[in-house]
Amino acid sequence: MALLEFPGRGERRPAPGGPGLEDVLSGFSIEVMPRTAAKVADFRKLLPAGTRVCIAHIDGTPIADMVATAARLRAEGFEPMPHFPARIIRDRAMLEDWIARYQGEAGVRQALVLAGGVEKPAGAFHSSMQLLETGAFDRAGFARLHVAGHPEGNRDIDPRGGTKLVDEALAWKQAFAERTDAEMAIVTQFAFDAGPMVAWAERLAAAGIGLPIHMGIAGPAKLQTLIRFAIACGVGPSLKVLQRRAMDVSKLVKPYEPTELLRDLAARRAASPSARIAQIHFFPLGGIAATAEWAQQHGGAAARPAARATG
């Protein structure tokens, strides 16, 4: 699908979503993997200059592929933020080697530090807190560190349900943020209901957790694709939003788009200043291009790609 044409200099065409969506989409980030990034000929034709691009590290992906993807994104004018999943990092030597390679070959200065979805750790590390405690990121001078958040809980951390252990981990990360030189934020798993997302952010603020939140949002995709990913990723009660949609035959054949969700989120964020929802982080489950093009349609000038499509 060809990219959209944008107004020339001096023109202003209102975005279909209105000012609310333009505001909430400003500064969005996006998630890729080496194999999905390889399908994109030129990120400059899709994303605004300087966009933060998180690179998911799935167990079994060679570090060389991760570093090469980061280097390519850096060369095209974007800010690569690779994942550092604790459970696939064997030891401190491996962690420091990854950091050295990312910095030496790709100029990486940001990281998303998380436990990772592997059931059995490859070595001594099993949590993001252990990686942060090594001090390796601080010694390397990382400017930004993101950690994971789970608005609907996480069964890997709280297997009996509830949020007790998840909450304790975020409290620890808040304390760590106060003693590191790096700027920190929480990036969340994607969900489909703005009400509980904002309520969770308000609850964190009331508990003294003031880290900015980058709320996870699924990009446009086929409904069946979203439901499959949502189940695999442990999305909680908001999965019902998709299930209700699947029961509506008129909607079943149409691709899901996050327009209504983000309008609701924008309105609720504006009404709840205590909820520190700073930005949106896209999971492009229906493809990087589809998500980027949707953002261009609704995000106004802030979502304009670094380079226009030539065909």
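Residues numbered from 1 in each chain as written. Predicted model: local features only at pLDDT ≥ 70, side-chain atom pairs only at ≥ 80, totals over all residues. Heavy atoms only, no water.

A.B. asks: Can you break down the packing of aromatic side chains residue by residue, with the values?
C.D. replies: Tallied over the entire structure, the rule returns 12 aromatic pairs. Judged by centre distance (5.5 Å) and plane angle (75°), the ring pair of F28 and F282 falls under edge-to-face. Pair noted here: F28 is in the loop between helix 1 (18-25) and strand 1 (29-32) and F282 is in strand 8 (residues 277-283), with a separation of 254 residues, a long-range link. The pair formed by F28 and F282 is uniform in burial state, with each residue classed as buried. Judged by centre distance (6.2 Å) and plane angle (50°), the rings of F84 and W98 are tilted. Of this pair, F84 sits in strand 3 (residues 79-85) while W98 sits in helix 4 (residues 92-106), placing them 14 residues apart in sequence. (Phe/Tyr/Trp six-rings, centres within 6.5 Å; stacked < 30°, edge-to-face > 60°. Helix = DSSP H or I, 4+ residues; strand = E, 2+ residues; numbered from the N terminus. Buried < 20%, exposed > 50% of the residue type's maximum accessible area, 1.4 Å probe, protein only.)

A.B. asks: Now, about the packing of helix 3 (residues 63-75) against helix 4: what can you tell me, with residues and values included?
C.D. replies: In the contact formed by helix 3 and helix 4, the axes pass within 9 Å of each other and the chain directions differ by 35°. Handedness of the helix 3/helix 4 crossing: right-handed. In this structure, helix 3 uses I63, A64, M66, V67, A70, A71 and R74 to contact helix 4, whose residues at the interface are W98, R101, Y102, E105 and A106. Of the residues contributing to the contact of helix 3 with helix 4, the split by class is 9 nonpolar, no polar and 3 charged. (Axes fitted to C-alpha atoms, helices over the stretch in contact; angles between N-to-C directions. Left-handed = near helix turned anticlockwise from the far one by under 90°. Contact = heavy atoms within 4.5 Å. Nonpolar A, V, L, I, M, F, W, Y, C, P; charged D, E, K, R; others polar.)

A.B. asks: So what's going on with helix 13 (residues 288-298)? Which residues, and what values?
C.D. replies: With 8 of 11 residues buried, helix 13 lies mostly within the body of the structure. Listed as buried for helix 13 are I288, T291, A292, E293, W294, A295, Q296 and H298. Residue G300 follows helix 13 closely and has a positive phi angle near 65°.

A.B. asks: For the confidence of the model for the protein, give the residues involved together with the corresponding values.
C.D. replies: Residue-level pLDDT values for the protein average 87, and 82% of them are 70 or greater. Low pLDDT, under 50, characterises residues 1-19; the predicted model gives this stretch 31 contacts beyond four residues in sequence or across chains. (pLDDT = per-residue confidence, 0-100.)

A.B. asks: Pulling in residues and values, what's your account of the environment of A177?
C.D. replies: Its location among the elements puts A177 in helix 7 (residues 164-177). In sequence terms A177 and G210 are 33 residues apart; their C-alpha atoms lie 9.8 Å from each other. In contact with A177, not counting residues within four places along its chain, are M184 and L211.

A.B. asks: Can you explain the pairing of strand 6 (residues 183-188)? Please cite residues and give values.
C.D. replies: Most of strand 6 sits inside the fold, with 5 of its 6 residues counted as buried. Direction of pairing for strand 5 (residues 144-149) relative to strand 6: parallel, over a ladder of 6 bridges. Within the sheet, the bridge partner assigned to R144 lies in strand 6 and is E183. When strand 6 meets strand 7 (residues 213-218), the two strands line up parallel, connected through 2 bridges. Bridge pairing links I186 to I213 in strand 7. (Pairing = 2+ DSSP bridges.)

A.B. asks: Help me get a handle on the sheet that holds strand 1, residues and values and all.
C.D. replies: Overall, parallel pairing links the 8 strands, which are arranged 1-2-3-4-5-6-7-8 in a closed barrel. Between one strand axis and the next, the sheet turns by 30° as a mean value, whatever way the strands run.

A.B. asks: Can you explain the packing of helix 8 (residues 194-206) against helix 12 (residues 259-271)? Please cite residues and give values.
C.D. replies: Helix 12 packs onto helix 8 with a crossing angle of 35° between their chain directions and a minimal axis gap of 9 Å. Where helix 8 crosses over helix 12, the two elements pack in a sense that is right-handed. Counting all contacts with helix 8, which are made through A194, G195, M197 and V198, the residues of helix 12 involved are L261, D264, L265 and R268. When the residues that make up the contact of helix 8 with helix 12 are grouped by side-chain class, the tally is 5 nonpolar, 1 polar and 2 charged.

A.B. asks: Before we move on, could you go through the pattern of salt bridges and cite the residues and values that matter?
C.D. replies: The full count for this structure, using the stated rule, is 10 salt bridges. A salt bridge links R72 to E76; the shortest N-O distance between them is 3.0 Å. Overall, E76 belongs to the buried group, its relative accessible area being 14%. The shortest N-O distance in the salt bridge between R74 and E79 comes to 2.8 Å. A relative accessible area of 11% places E79 in the buried class. (Salt bridge = Lys/Arg side-chain N within 4 Å of Asp/Glu carboxyl O.)

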